[in-house]
Amino acid sequence: DLSGVPNGTYPWGESMRMKLRSSIATVAVVFGLAVAQAKSSAQTPGHVMMNAADMKWGPAPPGVPAGGQVSVLSGDPGKPGPFILAAKFPDGYIVRPHWHPTAENITVLSGSLLVGTGDKYDEAAMKPLNQGGFGTMPMKQNHFVRAKGATTITITSTGPFEITYVDPKDDPRKK
């Protein structure tokens, strides 16, 4: 404690005193970040790695037509926060014009996914996304898809994931 030492009589110069204060502040910040990171790491699960054979597939949710399958790879699509799921569609599988309240990112793992935008289903306006292809739809963007051949995709988004059909008659939940 140097509170009793008269100003200007430190055994080191003013610049050294400022460096010492700066160093102490830096150590405090680094220590605080380390503690925060340790708490965060304790709440984060370990690595998740799986091969295709390890994925657990089930029927697609009722918001999309029957015949599709999904496997949740990370997160929970029904809760707030990021998630990744894989979806398998048989040849000719169609999801009519719809939108989501959050952005949707699609990567095609196999097959081909035809994607279109707008209020009306129009195959002539669809663009094919082939194996390795990527597409993103901003939140509330009306879009529709059709599988060309057996197709597997991943969907990356933020939950809760919801689907709203442009034409309520297209909603499988209402049939």
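Refer to the structure above for everything that follows.
What comes next is a walk through the structure. Note that the structure is predicted; figures quoted are calculated from it, not measured. Starting afresh in each chain, residues are numbered from 1 along the sequence in its written order. Residues qualify for local features only when their pLDDT is at least 70, as the model is predicted, and side-chain atom pairs are given and counted only at 80 or more; totals for whole chains, interfaces and linings, by contrast, use all residues. Only hydrogens and water are set aside when side-chain values are computed; all heavy atoms of the structure are taken into account.

Before going further, it helps to examine the pairing of strand 7 (residues 134-137). Only one face of strand 7 is covered, namely the one carrying Gly135 and Met137; the face carrying Phe134 and Thr136 has none of its residues buried. Strand pairing is defined by DSSP finding a minimum of two bridges between the two strands. Elements are defined by DSSP. Helices are runs of H or I of four residues or more, strands are runs of E of two residues or more, and each kind is numbered from the N terminus. The pairing of strand 5 (residues 104-117) with strand 7 spans four bridges and is antiparallel. Of the residues in strand 7, the one forming a bridge with isoleucine 106 is glycine 135. For the exposure calls, accessible area comes from a 1.4 Å probe over protein chains only, and a residue counts as buried if that area is under 20% of its type's maximum, exposed if over 50%, partly exposed in between.

Bringing the environment of proline 65 into the picture now. Its place among the elements puts proline 65 in the loop between strand 1 (58-59) and strand 2 (69-74). We call two residues contacting when some pair of their heavy atoms lies within 4.5 Å. Once you skip the residues sitting within four places of it in the chain, proline 65 turns out to touch Tyr93, Ile94, Val95, Tyr165 and Pro172.

This paragraph deals with the pairing of strand 5. As paired strands, strand 5 and strand 8 (residues 143-159) are joined by 12 bridges and run antiparallel to one another. In the strand pairing of strand 8, glutamate 104 is matched with serine 157. Sheet analysis places strand 5 next to strand 6 (residues 127-130), joined by four bridges and oriented antiparallel. Its bridge partner lying in strand 6, leucine 114 is registered against proline 128.

This brings us to the packing of aromatic side chains. Stacked, tilted and edge-to-face are the three classes applied to pairs of Phe, Tyr and Trp rings, where Trp contributes its six-membered ring and a pair requires centres within 6.5 Å; stacked means planes under 30 degrees apart, edge-to-face means over 60, and tilted covers the rest. Overall, the coordinates contain three aromatic pairs when judged by the stated rule. Taking 5.3 Å as the distance between ring centres and 70 degrees as the angle between the ring planes, the aromatic pair formed by phenylalanine 83 and phenylalanine 161 counts as edge-to-face. Residue phenylalanine 83 is found in strand 3 (residues 81-89), and its partner phenylalanine 161 is found in the loop between strand 8 and strand 9 (164-165); the two are separated by 78 residues along the sequence. Given a relative accessible area of 1%, phenylalanine 83 falls into the buried group. Relative to tyrosine 93, the ring of phenylalanine 89 lies with its centre 4.6 Å away and its plane at 5 degrees, an arrangement referred to as stacked. Judged on exposure class, the residue phenylalanine 89 and its partner tyrosine 93 are both buried. The lysine or arginine in question, arginine 96, covers the ring of tyrosine 121, its NZ or CZ lying 4.5 Å from the ring centre. Counting as a charge over the ring demands two things of the Lys NZ or Arg CZ atom: a distance within 6 Å of the ring centre and an angle within 35 degrees of the ring normal.

The next thing to look at is the nonpolar core. In this structure, Phe89, Leu113 and Ile153 are the most contacted members of the largest nonpolar core, which totals 21 residues. Those elements that provide at least two residues to this core are strand 3, strand 5 and strand 8. Excluding its chain neighbours within four sequence positions, the residues that come into contact with phenylalanine 89 are Gly68, Leu113, Ala147, Gly149, Ala150, Thr151 and Ile153. The term nonpolar core refers to a set of buried residues drawn from Ala, Val, Leu, Ile, Met, Phe, Trp, Tyr and Cys, joined through side-chain atoms within 4.5 Å.

Relative to the elements of secondary structure, histidine 100 occurs in the loop between strand 4 (94-99) and strand 5. Separated by 3.1 Å, the side chains of histidine 100 and glutamate 104 make a polar contact. Contacts of histidine 100, omitting those with residues within four sequence positions, involve Met139, Lys140, His143, Phe161, Glu162 and Ile163. We define a polar contact as two N or O atoms separated by no more than 3.5 Å, with the added condition that, inside protein, one atom must be a possible hydrogen donor and the other a possible acceptor, whereas residues neighbouring each other in sequence contribute only through side-chain atom pairs.

Below, the discussion takes up the pattern of salt bridges. Should a side-chain nitrogen of Lys or Arg be within 4 Å of a carboxyl oxygen of Asp or Glu, the pair is scored as a salt bridge. Within this structure, the stated rule accounts for three salt bridges. With a shortest N-O distance of 3.9 Å, aspartate 76 and lysine 79 are connected by a salt bridge. Lysine 79 sits in the exposed class, given a relative accessible area of 51%. Here arginine 173 makes a salt bridge to aspartate 171, at a shortest N to O gap of 2.9 Å. According to the relative accessible area criterion, arginine 173 is partly exposed, its value standing at 44%. Here aspartate 171 falls in the buried class, since its relative accessible area comes to 7%.

A few words on unusual backbone geometry. Of note, the bond from glycine 159 into proline 160 is cis; its omega dihedral lies within 30 degrees of zero at 0 degrees. Counting through the fold element by element, proline 160 comes out in the loop between strand 8 and strand 9. For lysine 140, which is not glycine, the phi torsion reads 65 degrees and is therefore positive.

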